[in-house]
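Architecture at a glance
Chain by chain, the residues run as shown.
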Amino acid sequence: MTLSVTLLGQAGALTVSEPLPLYTCAVRAGFPSPADDHLDTDLDLHRYVVKRPAATYFVRSEGDSMIGDGIHHGDLLVVDRSLEALPGRIIVICVDGELTVKRLERVGQRTYLRASNPAYPPIPLDGRESHVWGVVTHVLHSFPGATLQ
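Along each chain, residues carry numbers from 1 onward, in the same order as the chain's sequence is written. Local features in a predicted model are, by the rule used here, given only for residues with pLDDT of at least 70; side-chain atom pairs are given and counted only at 80 or more, and totals for whole chains, interfaces and linings are based on all residues. Computation of side-chain values: all heavy atoms of the structure, hydrogens and water removed.

1. Examining the pattern of salt bridges
Side chains that differ in sign of charge can pair as their charged atoms come close. Basic side-chain nitrogens of Lys or Arg form a salt bridge, by our definition, when they fall within 4 Å of a carboxyl oxygen of Asp or Glu. Taken as a whole and assessed by the stated rule, the structure comprises 5 salt bridges. With a shortest N-O distance of 3.5 Å, Arg52 and Asp80 are connected by a salt bridge. Here Arg52, found in the loop between helix H1 (45–49) and strand S4 (56–62), pairs with Asp80, found in strand S5 (residues 76–80); they are 28 residues apart in sequence, far enough to count as distant. With a 1.4 Å probe rolled over the protein chains alone, any residue whose accessible area is under 20% of its type maximum counts as buried; one over 50% counts as exposed, and the rest are partly exposed. Overall, Asp80 belongs to the buried group, its relative accessible area being 4%. As a salt-bridge pair, Asp69 and Arg103 come within 2.7 Å of each other at their nearest N and O atoms. Of the two residues, Asp69 is situated in the loop between S4 and S5 and Arg103 in strand S7 (residues 98–107); the sequence distance between them amounts to 34 residues. Given a relative accessible area of 29%, Asp69 falls into the partly exposed group. The helix count covers DSSP runs of H or I at least four residues long, the strand count covers runs of E at least two residues long, and both are numbered beginning at the N terminus.

Printed below as a string of C-alpha coordinates:
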(Lines give C-alpha, C1' and ligand atoms only; values in the text may rest on other atoms or scores of the structure.)
Protein backbone atom coordinates (compact mmCIF):
# COMPACT_ATOMS: atom_id res chain seq x y z
CA MET A 1 0.00 0.00 0.00
CA THR A 2 1.44 3.38 -0.98
CA LEU A 3 0.96 6.45 1.19
CA SER A 4 -1.47 9.08 0.02
CA VAL A 5 -3.13 11.97 1.81
CA THR A 6 -6.65 13.21 2.41
CA LEU A 7 -7.06 16.98 2.60
CA LEU A 8 -8.73 18.07 5.84
CA GLY A 9 -8.55 21.85 5.73
CA GLN A 10 -6.59 25.02 6.28
CA ALA A 11 -5.10 25.91 9.66
CA GLY A 12 -6.92 29.08 10.62
CA ALA A 13 -6.22 31.15 13.68
CA LEU A 14 -7.90 29.76 16.76
CA THR A 15 -10.67 31.87 18.20
CA VAL A 16 -10.45 30.15 21.59
CA SER A 17 -7.02 29.12 22.73
CA GLU A 18 -6.61 26.78 25.67
CA PRO A 19 -2.90 26.45 26.35
CA LEU A 20 -1.83 23.22 27.99
CA PRO A 21 0.87 22.82 30.64
CA LEU A 22 4.48 22.43 29.50
CA TYR A 23 6.82 20.99 32.11
CA THR A 24 10.48 22.00 32.18
CA CYS A 25 11.77 18.48 32.69
CA ALA A 26 12.37 16.14 29.80
CA VAL A 27 10.80 12.69 29.90
CA ARG A 28 13.37 9.92 29.56
CA ALA A 29 12.64 7.13 27.13
CA GLY A 30 15.17 4.88 28.86
CA PHE A 31 15.38 4.18 32.59
CA PRO A 32 12.96 6.15 34.79
CA SER A 33 14.31 9.08 36.75
CA PRO A 34 12.72 11.50 39.24
CA ALA A 35 10.86 14.25 37.37
CA ASP A 36 10.70 17.90 38.23
CA ASP A 37 7.25 18.71 39.52
CA HIS A 38 7.17 22.36 38.59
CA LEU A 39 5.36 23.84 35.66
CA ASP A 40 7.40 26.16 33.44
CA THR A 41 4.82 27.65 31.11
CA ASP A 42 1.71 26.90 29.07
CA LEU A 43 1.97 25.47 25.58
CA ASP A 44 -0.53 26.25 22.84
CA LEU A 45 -0.04 23.28 20.52
CA HIS A 46 -1.62 25.10 17.56
CA ARG A 47 0.89 27.95 17.87
CA TYR A 48 3.70 25.43 18.25
CA VAL A 49 2.98 23.50 15.03
CA VAL A 50 1.40 26.24 12.88
CA LYS A 51 3.93 29.00 12.22
CA ARG A 52 2.11 30.54 9.22
CA PRO A 53 -1.67 29.94 9.50
CA ALA A 54 -2.50 31.35 6.06
CA ALA A 55 -0.05 28.92 4.42
CA THR A 56 -0.72 25.86 6.60
CA TYR A 57 -3.21 23.05 6.18
CA PHE A 58 -3.80 19.58 7.63
CA VAL A 59 -4.02 16.27 5.80
CA ARG A 60 -4.63 12.72 6.94
CA SER A 61 -2.16 10.10 5.68
CA GLU A 62 -3.17 6.79 4.12
CA GLY A 63 -0.88 3.79 3.69
CA ASP A 64 2.52 2.65 4.92
CA SER A 65 5.11 3.98 2.47
CA MET A 66 6.48 6.59 4.93
CA ILE A 67 6.56 4.40 8.03
CA GLY A 68 10.36 4.79 8.31
CA ASP A 69 9.88 8.51 8.89
CA GLY A 70 7.26 7.90 11.60
CA ILE A 71 4.27 8.61 9.35
CA HIS A 72 1.62 5.93 9.89
CA HIS A 73 -1.71 5.23 8.25
CA GLY A 74 -4.25 7.73 9.62
CA ASP A 75 -1.72 10.23 10.98
CA LEU A 76 -2.44 13.94 10.89
CA LEU A 77 0.19 15.86 8.90
CA VAL A 78 0.81 19.59 9.26
CA VAL A 79 1.82 21.02 5.86
CA ASP A 80 3.27 24.47 5.17
CA ARG A 81 2.86 25.74 1.59
CA SER A 82 5.23 28.66 2.17
CA LEU A 83 8.31 26.44 2.63
CA GLU A 84 10.48 25.55 -0.34
CA ALA A 85 10.45 21.92 -1.46
CA LEU A 86 14.16 21.20 -1.07
CA PRO A 87 15.83 17.80 -1.46
CA GLY A 88 15.60 15.87 1.80
CA ARG A 89 12.29 17.41 2.87
CA ILE A 90 9.07 15.42 3.12
CA ILE A 91 6.50 16.96 0.81
CA VAL A 92 2.89 16.61 -0.24
CA ILE A 93 2.85 16.51 -4.01
CA CYS A 94 0.31 15.88 -6.74
CA VAL A 95 1.80 13.53 -9.37
CA ASP A 96 -0.26 12.79 -12.47
CA GLY A 97 -3.39 13.93 -10.65
CA GLU A 98 -2.86 11.93 -7.42
CA LEU A 99 -1.76 13.34 -4.06
CA THR A 100 1.02 11.58 -2.22
CA VAL A 101 3.52 12.28 0.54
CA LYS A 102 7.18 11.35 -0.01
CA ARG A 103 10.72 12.61 0.58
CA LEU A 104 12.07 14.76 -2.27
CA GLU A 105 15.42 13.54 -3.58
CA ARG A 106 17.86 14.67 -6.28
CA VAL A 107 20.39 12.34 -7.86
CA GLY A 108 22.54 14.26 -10.33
CA GLN A 109 20.10 16.17 -12.51
CA ARG A 110 17.15 13.84 -11.82
CA THR A 111 14.44 14.36 -9.22
CA TYR A 112 12.74 11.51 -7.39
CA LEU A 113 10.18 10.90 -4.70
CA ARG A 114 11.45 8.40 -2.15
CA ALA A 115 9.36 6.36 0.25
CA SER A 116 10.85 5.56 3.64
CA ASN A 117 9.57 2.00 3.43
CA PRO A 118 12.04 -0.14 1.43
CA ALA A 119 9.13 -2.07 -0.10
CA TYR A 120 8.46 0.91 -2.39
CA PRO A 121 10.74 1.97 -5.24
CA PRO A 122 11.66 5.62 -5.90
CA ILE A 123 9.30 7.52 -8.19
CA PRO A 124 11.10 9.49 -10.92
CA LEU A 125 9.47 12.84 -11.66
CA ASP A 126 10.99 13.28 -15.13
CA GLY A 127 8.22 13.58 -17.72
CA ARG A 128 5.44 13.50 -15.16
CA GLU A 129 3.02 16.28 -14.35
CA SER A 130 3.62 17.29 -10.74
CA HIS A 131 2.81 20.13 -8.40
CA VAL A 132 4.11 20.51 -4.83
CA TRP A 133 1.36 21.23 -2.30
CA GLY A 134 3.70 21.95 0.62
CA VAL A 135 6.31 20.69 3.06
CA VAL A 136 5.35 18.44 5.97
CA THR A 137 6.46 20.14 9.19
CA HIS A 138 4.87 17.91 11.86
CA VAL A 139 3.11 14.57 12.18
CA LEU A 140 0.66 13.64 14.92
CA HIS A 141 -0.33 10.07 15.51
CA SER A 142 -2.19 8.13 18.11
CA PHE A 143 -1.06 4.97 19.80
CA PRO A 144 -3.28 1.86 19.76
CA GLY A 145 -6.22 2.38 22.05
CA ALA A 146 -6.09 6.18 21.71
CA THR A 147 -8.11 8.25 19.28
CA LEU A 148 -7.15 11.36 17.30
CA GLN A 149 -10.04 13.39 15.98
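2. Considerations on the side chain of Asn117
Counting through the fold element by element, Asn117 comes out in the loop between strand S8 (110–114) and strand S9 (123–124). At 3.1 Å, the side chain of Asn117 forms a polar contact with the backbone oxygen of Asp64. Under this definition, polar contacts are N or O atom pairs within 3.5 Å; protein pairs additionally need one hydrogen-donor-capable and one acceptor-capable atom, and for neighbouring residues in sequence, both atoms have to be side-chain atoms.

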